[in-house]
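A closer look at the structure
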Amino acid sequence: MGLIANLSEWREERKLESLGVTAQDWQRALGDWSVYLRYQPSTRIRVQKMALRLLLRKALIGAKGLELSDQMRLRIAGMAVVPVLELGLDWYRGWETLVIYEGPFVTEHEWVDEYGVAHLERSALCGEASSRGPVVLSFEDVRSAGGGKGHNVVLHELAHTLDMRHEGANGAPPLHPGMDAAAWKRDFSSAWDDLERRIRLGESSPVDEYALEAPAEFFAVLTEAFFEKPAPLARTWPSVYQHLCDFYRQDPGVDK
Ligand SMILES: [Zn+2]
């Protein structure tokens, strides 16, 4: 088993080298992304390698005839691996496909009300994730991700997939040994209450009110803020910030 694992890793390594992606390619794909630029050069190389591995292991599919350029693939993959950089790609084992739309896409959801009348609800989304995949993204939103406002649809949807690895989408991913699940729940709940209060009083907050749609959204939105705009999050809810550091095994607020 060990030999097979090593052999397939070795094969993957050879394939990565044969892809011939250059430093300039990475610069074009991720050179405007502050999260990537914050990493030390050696860590950026790890992001690049893991992103190429992701591209070998998962299918990236353009929806409705969208042609994905190499630059688009590298940008999506480079952003996608940041949450699991210190956890490993196996954390994405549950899904196989990333579907990319050119812009926001419309989903239809049918539901029946208390009088037995069926309704068709349409909504335009910039991203979507389900436990077995696919992960769906709008490239328009991928392009604008990381624009300094704390939003990043790629980090958001992939945070959902991590959350879903443990008891469904409930705002708590599987925690590492030594992490305190009760403390996680207590601190996230009090941050939730504090955000509700801030929004009610019109006070500034590190994330917007979309986080309050559901506990799963709270975790996904806080993950975006954690990587994209760590300082306000660390200042406002230090214990939640620390839980996220412990879970992602990264501290974006500290230069590395
Ligand atoms: Zn979401």
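Just above, that's the structure.
What comes next concerns the included structure. Just so we're clear, the structure is a prediction, and the values are computed from it rather than from any experiment. (Residues numbered from 1 in each chain as written. Predicted model: local features only at pLDDT ≥ 70, side-chain atom pairs only at ≥ 80, totals over all residues.)

In this section: the environment of Val81. For Val81, the location among the structural elements is in helix α5 (residues 70-81). For Val81, a count of 24 C-beta atoms within 10 Å translates into the label buried. Residues Val81 and Asn170, 89 residues apart in the sequence, show an inter-C-alpha distance of 22 Å. When residues no more than four places from it in sequence are discounted, the contact partners of Val81 are Val47, Met50, Ala51 and Leu54. (Helix = DSSP H or I, 4+ residues; strand = E, 2+ residues; numbered from the N terminus. Buried ≥ 20, exposed ≤ 12 C-beta atoms within 10 Å, placed from the backbone. Contact = placed C-beta atoms within 7 Å.)

Spatial strand order, β1-β2-β6-β5: four strands in an open sheet with mixed pairing. Strand pairing shows two members of the sheet lacking a second neighbour, β1 (59-62) and β5 (127-128), which therefore form its edges. (Pairing = 2+ DSSP bridges.)

We now examine helix α8 (residues 181-201). Spanning 21 residues, α8 covers 30 Å between terminal C-alpha atoms, matching the ideal 30 Å at 1.5 Å per step. By the burial criterion, the buried members of α8 are Trp184, Phe188, Ala191 and Leu195. The buried residues of α8 occupy an angular sector of 60° when projected down its axis, which confines them to one face. Of the exposed residues in α8, the ones pointing more than 90 degrees away from its buried face are Ala182, Arg186, Asp193, Arg197, Arg200 and Leu201. Of the residues flanking the end of α8, it is Gly202, one or two places downstream, whose phi is positive at about 70°. (Expected span 1.5 Å × (residues − 1). Arc of directions from axis to C-beta.)

Covered by surrounding structure in strand β6 (residues 135-138) are Val135 and Leu137 together with Val136 and Ser138, the residues of both alternating faces. Strand direction decides the pairing type here: strand β2 (residues 97-101) and β6, joined by four bridges, are parallel. Bridge pairing in β6 links Val99 to Val136. The pairing of β5 with β6 spans two bridges and is antiparallel. Directly across from Glu128, in β6, lies its bridge partner Val136. Where β5 folds back onto β6 in an antiparallel hairpin, the turn is made up of six residues, including Gly133, whose phi is positive at roughly 85°.

Moving on: the nonpolar core. In this structure, Ala51, Ile76, Leu137, Val154 and Leu222 are the most contacted members of the largest nonpolar core, which totals 58 residues. Among the elements that take part in this core, helix α9 (residues 215-228) stands out by supplying eight residues, more than any other. What Val154 contacts, discounting residues up to four positions off in sequence, is Ile76, Met79, Ala80, Leu137, Val142 and Ala145. (Core = buried A, V, L, I, M, F, W, Y, C linked by C-beta atoms within 7 Å.)

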